[in-house]
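# Observations on the three-dimensional arrangement
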Amino acid sequence: MTGDSRRNAENRFDVVVCGGGPVGLSMTYLLGRAGLRVAMFEKRPSTTTLPKGQYLHASTAEFFRQWGVWDLLADAGWETEDANGQGFYVNVANGPVAEIRAIEGTHEDYVKKWEAHSPVFPRKIPASDYEAAIRRRAESWANASLHFNTQVTDVEQLEDGVRLTVEDVPSKTMRGVVARYVVACDGAHSFIRSRLGTGQDHGPTFGNQVLVEFRAELDDTLGKDGFFHSFILNPRYAGWFGSKHPGNGLWRYSFRHDEETPPVREVLLERIRGALGMPHLPIEIIQTYRFDYSTGLLRNWREKNVLFAGDAAHWHSPWGGFGMNSGIQDANNLAWKLELVLKGKAAETLLDSYQEERKSKALITVKSATYNSLHYQAIAEAARVGEGALFAQGRISAEAQLFLSQRTIPHGDNAVLHTGYQLGTVYRSRAIVGNGETAPAPDLVEYVETTVPGVRAPHAWLSRQATGERTSTIDLWGRRFVLVGHDMPDYWKAAATDVADALDIELPAIPVGADAAYRPLDSKFERLYAARLGDVVLVRPDGFVGAKLCAPDKTTAVRLLLDAMQSILGIAASAKNPEIEALA
């Protein structure tokens, strides 16, 4: 091989991922696990050190469990009791005047509540920890290369791929890279979107925010109430405090500031002390950041061979912790589709189902994040009306306290946890085979468990017969299609083998029952996965129900399963594939 041909080979990939945040890292991990040649380019020197993106949803935690990331985070993040909801203060020294608790009781009570819905639970974990953990898993694949300190400076669509120019930031050297597909995960200010995106729909801009990390002795004041966020009502010091970082021991204070330059140190100290109500508290300011929050949605999530995910496709305020979580859901939805298309197992039209499925969820996400931001602002602003003593004496009236208490009640418990949002996603697309059942309407609060095609295949506790180990249905999928059923007839296992051989894909059939490899630990699995004798559920690689089938014999089972798989993959029986034609 000549030097030129070697360089060309080194710079050709199946997929290039632009952006090395949690979405880009997750995409790189999933594509690397699939055996594809993938390169990730990120202009930052490493994963984030910023104090952001701390709310890990249960649905994302389930992926982390499947990927081996959950175990890497066992000792990371805040204790449940130290990151419990939001408090409202005139100033911290005078104590809270209203509160929203996400949970009541202990961490054990919290885990028990979620056990019915998931093998894992939402947690507060710094972005620096979970990004480093995903990176560690992504780097375990020899076919995945992660390039930090490398910025994409140009992108060009080709007939059958994409050409990018990338720059090594320290040396300023440039090189060309070619990929069959590019996935833009490069954030709310996406360079790829600015070059190739065709139309955006915008919502409100929330202005610029300054966030200060500082060190101070506040465990017995700000820390004693255990709130994750503490809102300050005094207009002079309006903003919020974040609970102490579990790793570096720093506190956070954020407030709106529309000027380009952050306030000087003396102004920051006066503001923090005023919000705390502690004018002489020793404070060491460590770092100051400036952020801006806007709202928008990309109209087309695919431009030929370039696809958009995470904040590059939908961007919004951080209230609700939707950003990182929804972006990782994007990656989990798209990666298996890219894999099957690139390996020739599915038609390219399968990629169109990505936008069909995820844009609907993104619409809910941007609306929910916008509502949260404006609603919390509205509660605080309404509470301040007529409260002259806030300025003069740092006090708030009994009427204002009553107002706050009444208005925050609807935002406690499930409304804060967003159980419905986290677990109740419903997909409708060409990659879902309907059976006449109606899926529950998506809801932020309530989660309705079902196996209607298009929903997340629900969690149920099982026992592995060989070892007695307790496991979740969630552990059975995540890499391939799976056929699962209660007391599954043998003909379904034979049908799965025949269809898998004909399509050249992995399609294990996993029976659950008293005499099977897995047995249910309660009645939940049978209730959800086996309404009728002969029922089976086809679960896609992303953990969503692709089809629900029922057959009395092998011939019918093969036909139904083949039809479902061909529909999902976008392929048809053809003389070019005698095995498929023979089964069809």
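Here is a short report on the structure shown in this document. (Residues numbered from 1 in each chain as written. Predicted model: local features only at pLDDT ≥ 70, side-chain atom pairs only at ≥ 80, totals over all residues. Heavy atoms only, no water.)

### Quick notes on the overall build of the protein chain
When you go through the protein chain residue by residue, the secondary structure sums to 18 helices and 27 strands. The C-alpha radius of gyration of the protein chain comes to 26 Å, within 12% of the 25 Å expected for a compact globule of 584 residues. Over its C-alpha atoms, taken along the principal directions, the protein chain stretches across nearly 85 × 65 × 40 Å. Classification of the 584 residues of the protein chain by burial places 57% in the buried group. Relative to all contacts within the protein chain whose residues are 6 or more apart in sequence, the contacts with residues 24 or more apart total 72%. Carbon and sulfur atoms make up 49% of the accessible area of the protein chain, which amounts to about 24100 Å² in all. Across the protein chain, the mean location of the 63 positive side-chain charges is 3 Å away from that of the 71 negative side-chain charges. (Helix = DSSP H or I, 4+ residues; strand = E, 2+ residues; numbered from the N terminus. Rg over C-alpha atoms; globule rule 2.2 N^0.38 Å. Buried < 20%, exposed > 50% of the residue type's maximum accessible area, 1.4 Å probe, protein only. Contact = heavy atoms within 4.5 Å. Areas by Shrake-Rupley, 256 points an atom, 1.4 Å probe, with all protein chains shown as cover. Lys, Arg positive; Asp, Glu negative; His and termini not counted. Charge placed at Lys NZ, Arg CZ, Asp CG, Glu CD.)

### What to know about the nonpolar core
Formed by 110 residues in total, the largest nonpolar core has its most connected members in Val16, Phe64, Phe481, Trp492, Leu538, Leu561 and Met565. Core analysis: the second largest hydrophobic core is formed by 24 residues, Val210, Ala216, Leu222 and Ile283 among them. (Core = buried A, V, L, I, M, F, W, Y, C linked by side-chain atoms within 4.5 Å.)

### Focus: the sheet that holds strand 20 (residues 314–315)
Pairing is antiparallel in the open sheet, where three strands are placed in the order 11-17-20. Strand pairing shows two members of the sheet lacking a second neighbour, strand 11 (200–202) and strand 20, which therefore form its edges. The sheet contacts of helix 10 (residues 352–384) involve strand 17 (296–298) and strand 20, and relative to strand 17 the element is tilted by about 170°. (Pairing = 2+ DSSP bridges. Axes fitted to C-alpha atoms, helices over the stretch in contact; angles between N-to-C directions.)

### Brief notes about helix 5 (residues 107–115)
Within the span of helix 5, buried status applies to Tyr110, Val111 and Trp114. Down the axis of helix 5, the buried set is contained in an arc of 95°. They therefore lie on one face. Facing away from the buried side of helix 5, by more than 90 degrees, are the exposed residues Glu108 and Lys112. (Arc of directions from axis to C-beta.)

### Regarding the sheet that holds strand 14 (residues 239–242)
Strands sit in the order 5-4-13-14-15-12-16 across an open sheet of seven strands; the sheet is mixed. In this open sheet, the two edge strands, each paired with only one partner strand, are strand 5 (96–100) and strand 16 (284–292). When strand polarity is set aside, the average angle formed by the axes of neighbouring strands in this sheet is 20°. Direction of pairing for strand 13 (residues 229–232) relative to strand 14: antiparallel, over a ladder of four bridges. When the bridges of strand 14 are listed, His229 appears paired with Gly242. Of the strands in this sheet, strand 4 (86–89), strand 5 and strand 13 are in contact with helix 10, which crosses strand 4 at around 25°. Contacting strand 4 and strand 5, helix 12 (residues 398–408) crosses the sheet at an angle of about 5° to strand 5.

### Examining helix 9 (residues 322–342)
The terminal C-alpha atoms of helix 9 lie 30 Å apart, and with 21 residues this matches the ideal 30 Å at 1.5 Å per residue to within 8%. The buried fraction of helix 9 amounts to 21 of the 21 residues, a majority that puts the element mostly inside the structure. Positive phi shows up at Gly344, right after helix 9, with a value of about 75°. (Expected span 1.5 Å × (residues − 1).)

### Things to note about the side chain of Ser463
Assignment of secondary structure puts Ser463 in strand 21 (residues 461–464). Taking relative accessible area as the criterion, Ser463 reaches 4% and is therefore assigned buried. If near-sequence neighbours (up to four positions away) are discounted, Ser463 is found in contact with Gly468, Glu469, Ala517, Tyr518, Arg519 and Leu521.

From the geometry alone we can't say anything about function, so treat these as descriptive.
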